[in-house]
Amino acid sequence: MGFGYLFLGYLFLFSFPYKGIDITPDILGFILTFIGLRTLSEYGCGFDNLKRYLYFLIPSSLITLSFQVLDFIGISTGFHSLWNYVYTALLLVYNIMLLVAIYKIAVDTELNSIQGKAQRNLALCIIYYFIILFFQTPFPGIESLEKYLIEKMAFGLITYILGYIWMILNTALLFSCYMWICKEGDEDMPEKTRKKKTIQDCSEE
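What you are looking at is a predicted structure, and each value in this text was computed from that prediction instead of being measured.

The helix and strand inventory of the protein stands at seven helices and four strands. Starting at the N terminus and walking to the C terminus, you meet the elements of the protein as α-β-β-α-α-α-α-α-α-β-β. Counting the 205 residues in the protein, one finds 41% classified as buried. Taking the intrachain contacts of the protein between residues at least 6 apart in sequence as the baseline, contacts between residues at least 24 apart amount to 65%. Surface exposure of the protein reaches about 11400 Å², of which carbon and sulfur atoms provide 65%.

Attention now moves to helix α4 (residues 80–108). With 29 residues, α4 should cover 42 Å at 1.5 Å per step; its first-to-last C-alpha distance of 42 Å lies within 8% of that length. Positive backbone phi, approximately 60°, marks Glu-110, located one or two places after α4.

We now examine the environment of Phe-134. Within the secondary structure, Phe-134 is located in helix α5 (residues 112–136). For the pair formed by Phe-134 and Tyr-85, sequence separation is 49 residues and the distance between their alpha carbons is 9.5 Å.

Before going further, it helps to examine a nonpolar patch on the surface. On the surface, Tyr-5, Leu-28, Ile-31 and Ile-35 cluster together to form a nonpolar patch covering roughly 330 Å² of accessible area. In terms of residue count, helix α2 (residues 26–40) provides more of the nonpolar patch than any other element does, three residues in total.

Our next topic: the pattern of salt bridges. Charged atoms that come close allow side chains of opposite charge to pair. Evaluation of the coordinates by the stated rule reveals one salt bridge. Salt-bridge contacts for Asp-48 lead to Arg-52; the nearest nitrogen and oxygen are separated by 3.2 Å. Here Asp-48 pairs with Arg-52, and both are found in helix α3 (residues 45–72), just four residues apart, close to one helical turn. Residue Arg-52 is classed as exposed on the basis of its relative accessible area, which comes to 53%.

Take unusual backbone geometry next. Even without being a glycine, Glu-110 presents a positive backbone phi close to 60°. On the basis of relative accessible area, Glu-110 is assigned to the exposed category, the value being 62%.

So, on to the nonpolar core. Residues Phe-3, Tyr-10, Phe-47, Tyr-94 and Ile-102 are the most contacted members of the largest nonpolar core, which totals 43 residues. Those elements that place two or more of their residues in this core are α1 (3–11), α2, α3, α4, α5 and α7 (155–180). For this core, the element with the highest residue contribution is α4, accounting for twelve residues. In contact with Tyr-94, other than residues within four places in its own chain, are Tyr-10, Leu-13, Phe-30, Thr-33, Leu-50, Tyr-53, Leu-54 and Leu-57.

Cut-offs applied
- Residues numbered from 1 in each chain as written.
- Predicted model: local features only at pLDDT ≥ 70, side-chain atom pairs only at ≥ 80, totals over all residues.
- Heavy atoms only, no water.
- Helix = DSSP H or I, 4+ residues; strand = E, 2+ residues; numbered from the N terminus.
- Buried < 20%, exposed > 50% of the residue type's maximum accessible area, 1.4 Å probe, protein only.
- Contact = heavy atoms within 4.5 Å.
- Areas by Shrake-Rupley, 256 points an atom, 1.4 Å probe, with all protein chains shown as cover.
- Expected span 1.5 Å × (residues − 1).
- Patch = residues over 30% accessible without salt bridge, like charges linked within 9 Å, V, L, I, M, F, W, Y side chains within 5 Å.
- Salt bridge = Lys/Arg side-chain N within 4 Å of Asp/Glu carboxyl O.
- Core = buried A, V, L, I, M, F, W, Y, C linked by side-chain atoms within 4.5 Å.

Keep in mind these values describe shape, not function.
This is the structure:
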């Protein structure tokens, strides 16, 4: 139905940097997500809005990758830190839109467990990203609180771990959607998928 592509795409959002370059670039994940959303956009305006947002987010992720490559070859533009702040905000919006869309489709399919997980992940997402955005903000005499605290304590490791925890929760949520939500007519599939909840095309509502 499309959740499989969203699940695979989200895996690319995990950051595994090598010499400053993410070896799982976000742009590949967003392309996979866009493929999945081509189907899911028929089952709720939330997914349709998310697909439209990717028209902006995909080139933004390409800019991020370009900055990483420029830094790697020793070309400093002076805009990388500012762009990281902007890109973090863009990712916050993406995750909010994704989780809201999942929550709505879980309501339509009466999957209370997925509804609850989507709400929990949304709260964690907002808290996490606002912490990151706050600590990336430059202050007088300090380039950013994040850089200052990384130099003074294990702040970087703590936020890195927290980020991975909630991203793992999001990945698990997408996998649950893949396992439990299908489009109308697919409920008569093999035994392991028979318990899936079905969703009708929104154009029929």
